[in-house]
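As a plain string of letters, each chain reads:
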Amino acid sequence: MRAWNGEEFGVNRIAVSQTLRRLAAALTLSISGVVCAIAGAACAEPLFSFEGTPGKLPKTVVPIHYAIDLKPDIAGLALPGVEIVDIEVRAPTARLTLNAVNTTFAAVTVDDDTTRADIALDAGAETATFTFAQPLAIGAHRLRIEFAAQINKFDRGFFYVDYPTDNGTKRLLTSKLEPSDARRIFPCWDEPAFKARFALTVTVPRNFLAVGNMPVVRERPLESNLKQVAFATTPDMSTYLFVLTVGELERITAEVDGVTVGVVATAGKAAKGQFALDSGVKLLSWFNDYFGVKYPLPKLDLIAVPGGFGGAMENWGGITFFESRLLFDPATNPDSARRGIFGIIAHEMAHQWFGDLVTMAWWDNLWLNEGFATWMATKASEQFYPQWQSWLNGYAQKQYAMALDARRTSHPIQQPIADESEAMVAFDAITYNKGQALIRMLENYLGEAAFRDGIRAYMTAHAYGNTTTADLWQALESAAHKPVAGIAASFTEQDGVPLIKAETNCRGNDQRLTLRQNRFVIAPAGAAGLPPRDWQVPVAVGSLGGTQSRDVVLLEGAIEIPARSCGEPVKVNSGDIGYYRVEYGPVNGAALAKSMPRMSAADRVNFLADSWAMVAAGRAEPSSYLTLISSVSADDRRPVWDQVITVLTTLNRLARDRAEQPAVQRYARATLRPVFDRLGWDGSGSGDDDDTLLRASLIRVLGEFGDEEIIAGAKRRFAGFLQDLKSLPSALRDAVTHVVGITADRATYDTLLGLARKSTVTNERLRYYFAAAGARDASLAHATLALALTDEVPGTIATGLINSVAASGEQPDLAWDFLQQNYDTLLARQGPQFRDQFIANFMTNFSDDGHAAALAAFAPAQATSGGRVMVARATETIAISADLKARALPAVDAWIRQRN
Ligand SMILES: [Zn+2]
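Since this is a predicted model, take the numbers as computed values, not measurements. (Residues numbered from 1 in each chain as written. Predicted model: local features only at pLDDT ≥ 70, side-chain atom pairs only at ≥ 80, totals over all residues. Heavy atoms only, no water.)

### Looking at the overall build of the protein chain
Of regular secondary structure, the protein chain possesses 30 helices and 28 strands. Its C-alpha radius of gyration of 28 Å places the protein chain within 12% of the 29 Å reference for a compact globule of 900 residues. If one aligns the C-alpha atoms of the protein chain with their principal axes, the spans along those axes are about 90 × 70 × 55 Å. Counting over 900 residues, the protein chain shows a buried share of 61%. Sequence-distant contacts in the protein chain: of pairs separated by 6 or more residues, those separated by 24 or more amount to 71%. Surface summary for the protein chain: the accessible area is close to 32,100 Å², and the carbon and sulfur share equals 52%. A gap of 3 Å separates the mean positions of the 87 positive and 99 negative side-chain charges of the protein chain. (Helix = DSSP H or I, 4+ residues; strand = E, 2+ residues; numbered from the N terminus. Rg over C-alpha atoms; globule rule 2.2 N^0.38 Å. Buried < 20%, exposed > 50% of the residue type's maximum accessible area, 1.4 Å probe, protein only. Contact = heavy atoms within 4.5 Å. Areas by Shrake-Rupley, 256 points an atom, 1.4 Å probe, with all protein chains shown as cover. Lys, Arg positive; Asp, Glu negative; His and termini not counted. Charge placed at Lys NZ, Arg CZ, Asp CG, Glu CD.)

As structure tokens, then:
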């Protein structure tokens, strides 16, 4: 169990008491194992109450309504503004503390212009405290704050993005505030439980379009080609959901159920938003029905931002996306890009209800937002595009979470969050992917209709409010009439992955299956053991073929059940729905291995992934997994081969600079080449089928593994592409360019950069920049690193390029030296997440003790508690890689030699 203490996290009293309550709950749980099922939600965390919500700001003053007037100085990168905040004082106080960062104050008054406040700033706590001569009485007051914030270079608060167009470089401004950067735009109570209404006005050039949470209600021309834009007032919402994007933008729209859905993009690009617009329209009516509460705002814009930040952000009524995640152009995108675009729109739109309308009270329940939205995106993709098989093809998300969750540095998906830096690092695979897997397992256990009814009741009961996880379990239990909290709490309130040992034995012709639970752990050799855990696990047991029924048993401790006739293979975690590992006894394991072709694809992926996980955990020899690969057929499904490719890529990475690498690469080529040869370079089909996607990923990895024919084929096709762009299908462009990039000489490298610089299409620019950054040649790697210091690419792309030099360019030491030498310059450009997250993540490109020590000695990475969490996780990752390398590579090498 992890030790929580106030010193480590610098927590306040509320957070400590919350922690103690959790600790008590966790202890009870691990002693008795079943308490929560009996006691219901009450044994876990309490239902939401404002007073009981953790946080740093005093709860004696709450904001009701902000009227904010911003006048961005676009050239000078300053953000002067005035805000009038209606507040409610709940206990008499002369001091009023709220959040602000990098903000200066001209004047703060209350109720009338004569009562001015003394202002004290605390940069560390990111607060401003206003002290008045007389205490404010209980009741309503009005604050007037004149301030100046900043327009940032990096993607926090309000920031600028410079982007290329046919008419030269243009600048737009946009915002990204989650978890706690609204305070970089305007002084505010910047914690999710302080919901309030927002009325915004902003002054911008007349040729700009301004997009906020709500529709524009008034535009008024001002002098010097400026205009003032006023937006309608929002309903009650959390500060982190505020949005403002301004620039030379255009918008396409459609009406659905009384709501205007729009796609906003930079001038000339909005037509590429048609697929996004159609998706938004479909999803809005489907979500209106699923949640049982209609989308409450009059409009919903999907905004394409051409750089500056990655991913997407669910601002209420104005979702921002990195441009290439939203726009689709059949001329430059493969058809399959629609899968990612639809998925990310579904994720962010699900948040409009789950997160925006009903909001987690504090960041310790971030998983409620993210686990649910991630699950809903996959569910919606299955609903509208069943041919994509999104659960099957997305199998790796759960695998990744389980790999992290098996470690000492994992964390419960509900975890205490003491400060902003910890909230920042909570956005990880455990929160998103384990959250998604848990919700899928619960929906499967409760039934689809009962689960949906519970969600509808939850939405209705908590609209415009805040919740804890306990509120959700209560709603689901009432709807499903089945205990939920006990099962759920065993997965949300403790970290770790259940290991289900499954053994069969025969009594006459009858077979019995024994299931016994344990804790699945991946730890470096010599590490101290982790404490045992008990879960309530819905375990699905099935026969082969996927069409026959499967039984779900709720496992606590151990159980023995009948399992068909003697010798018949029994598959556990049937359908790959559960969040647990399975270790089979020798007899059943061998029977299953022989029967792989009869399994459903989901079961084959699950069986292979569990088999490799046993190797990673030191519970099985690599030969057990490699033997299984031999029985995967060349015409098997994409996710099955994808699982194999992932393992071979890991082995190749670990073997860098080691004697085993030639043998590993030879084996990988020999294994994968027949799969590629079956597909060939030129397939027919829509470009959105699994064969097309598998072909592209095989070209990529076979190139990395040094397959000379594939490399030559890629170079030939790239040369043809330069002559005639249509000669290379868009589905293969990324993969072919990647292979050309890793083997590039100076002339090819310059060609790639030339293509990147010439294009105004974001996904094309990324393709060529990243291909160049993958060059293995050291002098080219130097050139890429130098580029990362310039303003040629946005900050988030620059860090991506540095990482590519280390990962696909295989020059990690060169990149690490560069990071240390240019640390201050990069920090100023990239912002705090460069220090708190990027450095630690970057170091996981290494797998040796020396670099683990170098990370531990790099003080800036540990400047915040969030940074220290990241360093601890990265250090463990490096140690686990080092251990796997020492253990597995010689065994893999011996197995390959023995086979030849
Ligand atoms: Zn999300």
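### Things to note about unusual backbone geometry
In this structure, Pro179 follows Glu178 across a cis peptide bond, with omega equal to 0°. With respect to the secondary-structure elements, Pro179 resides in the loop between β9 (168–176) and β10 (197–205). For Arg564, which is not a glycine, the phi torsion comes out positive at approximately 55°. Even without glycine at this site, Asn573 takes up a positive phi of about 60°. Mapped onto the elements of the fold, Asn573 is located in the loop between β27 (571–572) and β28 (581–584). For Asn573, a relative accessible area of 1% translates into the label buried.

### Some thoughts on the sheet that holds strand β17 (residues 299–305)
The sheet built from five strands is open, its strands ordered β15-β16-β17-β19-β18 with mixed pairing. Since the sheet does not close on itself, it has two edges, and those belong to β15 (249–256) and β18 (312–313), each with one partner. Where helix α5 (residues 337–353) meets the sheet, it contacts β17, β18 and β19 (318–322), and its direction lies at approximately 155° from that of β19. (Pairing = 2+ DSSP bridges. Axes fitted to C-alpha atoms, helices over the stretch in contact; angles between N-to-C directions.)

### Considering the coordination of the zinc ion
Here the zinc ion is held by the protein donor atoms His347 (NE2), His351 (NE2) and Glu370 (OE), which lie 2.0 to 2.1 Å from it. When the donor residues of the zinc ion are listed from N- to C-terminus, their spacing reads H-x3-H-x18-E. Of this pair, His347 sits in helix α5 while Glu370 sits in helix α6 (residues 366–384); the two residues are 23 residues apart in sequence, bridging distant segments of the chain. Taking the relative accessible area as the measure of exposure, Glu370 reaches 1% and is therefore buried. (Donors = N, O, S within 2.8 Å, 3.2 Å for Na, K, Ca; no water.)

### Side note on the packing of helix α21 (residues 730–742) against helix α23 (residues 762–773)
The geometry of α21 relative to α23 is characterised by a closest axis approach of 7 Å and an angle of 30° between their N-to-C directions. By the angle class used here, α21 and α23 are roughly parallel. Where α21 crosses over α23, the two elements pack in a sense that is right-handed. Of α23, the residues touching α21 (which contributes Arg733, Asp734, Thr737, His738, Gly741 and Ile742) are Arg767, Tyr768 and Ala771. Looking at side-chain class alone, the contact of α21 with α23 contains three nonpolar, three polar and three charged residues. (Parallel < 35°, antiparallel > 145°, perpendicular 65-115°, else oblique. Left-handed = near helix turned anticlockwise from the far one by under 90°. Nonpolar A, V, L, I, M, F, W, Y, C, P; charged D, E, K, R; others polar.)

### Some words on the state of the cysteines
Within the structure shown, the criterion is met by one disulfide. The disulfide partner of Cys506 is Cys566, and the gap between their sulfur atoms is 2.0 Å. Of note, the bridge from Cys506 to Cys566 carries an S-S torsion of about 90° and is right-handed in sense. Taken together, the residues Cys506 in strand β22 (residues 497–507) and Cys566 in the loop between β26 (558–565) and β27 connect sequence positions 60 residues apart. (Disulfide = S-S within 2.5 Å.)

### Some details on empty space enclosed by the protein
Summed over all chains, the structure comprises eight cavities of 30 Å³ or more. Roughly 130 Å³ of internal volume is contained in the largest cavity. Taken together, 13 residues form the lining of the largest cavity, with Trp391, Gly394, Tyr395, Lys398 and Arg440 sitting closest to its centre. Among the secondary structure elements, those contributing two or more residues to the lining of the largest cavity are α7 (390–393), α8 (395–405) and α10 (429–446). Here the element with the most residues in the lining of the largest cavity is α10; it accounts for four residues. Its residues assigned to classes, the lining of the largest cavity comprises four nonpolar, six polar and three charged. (1 Å grid on protein atoms, 1.4 Å probe; cavity = no way out; pocket = protein on both sides within 12 Å on 5 of 7 lines; lining within 4 Å. Points joined across faces, edges and corners; volume = space filled by probe spheres on them.)

### Some points on the side chain of Ser611
If you trace the backbone, Ser611 turns up in helix α15 (residues 601–616). Residues within four places of Ser611 in sequence aside, it is in contact with Ser624, Tyr625 and Leu628.

### Quick notes on the environment of Leu752
Tracing the sequence through the fold places Leu752 in helix α22 (residues 746–758). For Leu752, a relative accessible area of 0% puts it in the buried group. Along the sequence, Leu752 and Ala788 sit 36 residues apart, while their C-alpha atoms lie 16 Å from each other. If we ignore the near neighbours within four places in the chain, the residues touching Leu752 are Phe718, Thr737, Gly741, Tyr768, Ala771 and Ala772.

### Re the pattern of salt bridges
For the coordinates displayed, the defined rule picks out 52 salt bridges. Note that Lys571 and Asp603 form a salt bridge whose closest N and O atoms lie 3.2 Å from each other. Taken as a pair, Lys571 in strand β27 and Asp603 in helix α15 lie far apart in primary sequence, 32 residues in all. The salt bridge involving Arg887 is made with Asp883; its shortest N-O contact spans 3.6 Å. Taken together, the residues Arg887 and Asp883, both in helix α30 (residues 865–899) and four residues apart, mark about one turn of the helix. Judged by relative accessible area, which is 17%, Asp883 ranks as buried. (Salt bridge = Lys/Arg side-chain N within 4 Å of Asp/Glu carboxyl O.)

### A few points about the packing of aromatic side chains
Using the criterion set out here, one finds 41 aromatic pairs in the structure. Considering the side-chain rings of Tyr823 and Phe834, the 5.8 Å spacing of their centres and the 35° angle between planes classify their relative orientation as tilted. Note that Tyr823 is positioned in helix α27 (residues 823–830) and Phe834 in helix α28 (residues 832–843), a separation of eleven residues in sequence. Just above the ring of Tyr160 sits the side chain of Arg171; from NZ or CZ to the centre is 4.0 Å. (Phe/Tyr/Trp six-rings, centres within 6.5 Å; stacked < 30°, edge-to-face > 60°. Lys NZ or Arg CZ within 6 Å of the ring centre and 35° of its normal.)

### Description of the environment of Thr646
Among the structural elements, Thr646 can be located in helix α17 (residues 638–654). The exposure class assigned to Thr646 is partly exposed, which follows from its relative accessible area of 41%. Between the C-alpha atom of Thr646 and that of Val701, which follows or precedes it by 55 residues, the distance is 9.7 Å. A distance of 2.8 Å separates the side chain of Thr646 from the backbone oxygen of Asp642, its partner in a polar contact. (Polar contact = N/O pair within 3.5 Å; in protein donor to acceptor, adjacent residues only side chain to side chain.)

### What about the packing of helix α25 (residues 795–807) against α28?
Helix-helix packing is characterised by the crossing angle of the two axes and by the distance between the axes. In the contact formed by α25 and α28, the axes pass within 11 Å of each other and the chain directions differ by 15°. As summarised for this structure, α25 and α28 are arranged roughly parallel, according to the angle between their axes. Remark: the crossing between α25 and α28 carries right-handed chirality. When α25 is examined against α28, the residues Thr799, Ile802, Asn803 and Ala806 are found in contact with a partner set consisting of Phe834, Phe838 and Phe842. Residue classes in the contact of α25 with α28 are distributed as five nonpolar, two polar and no charged.

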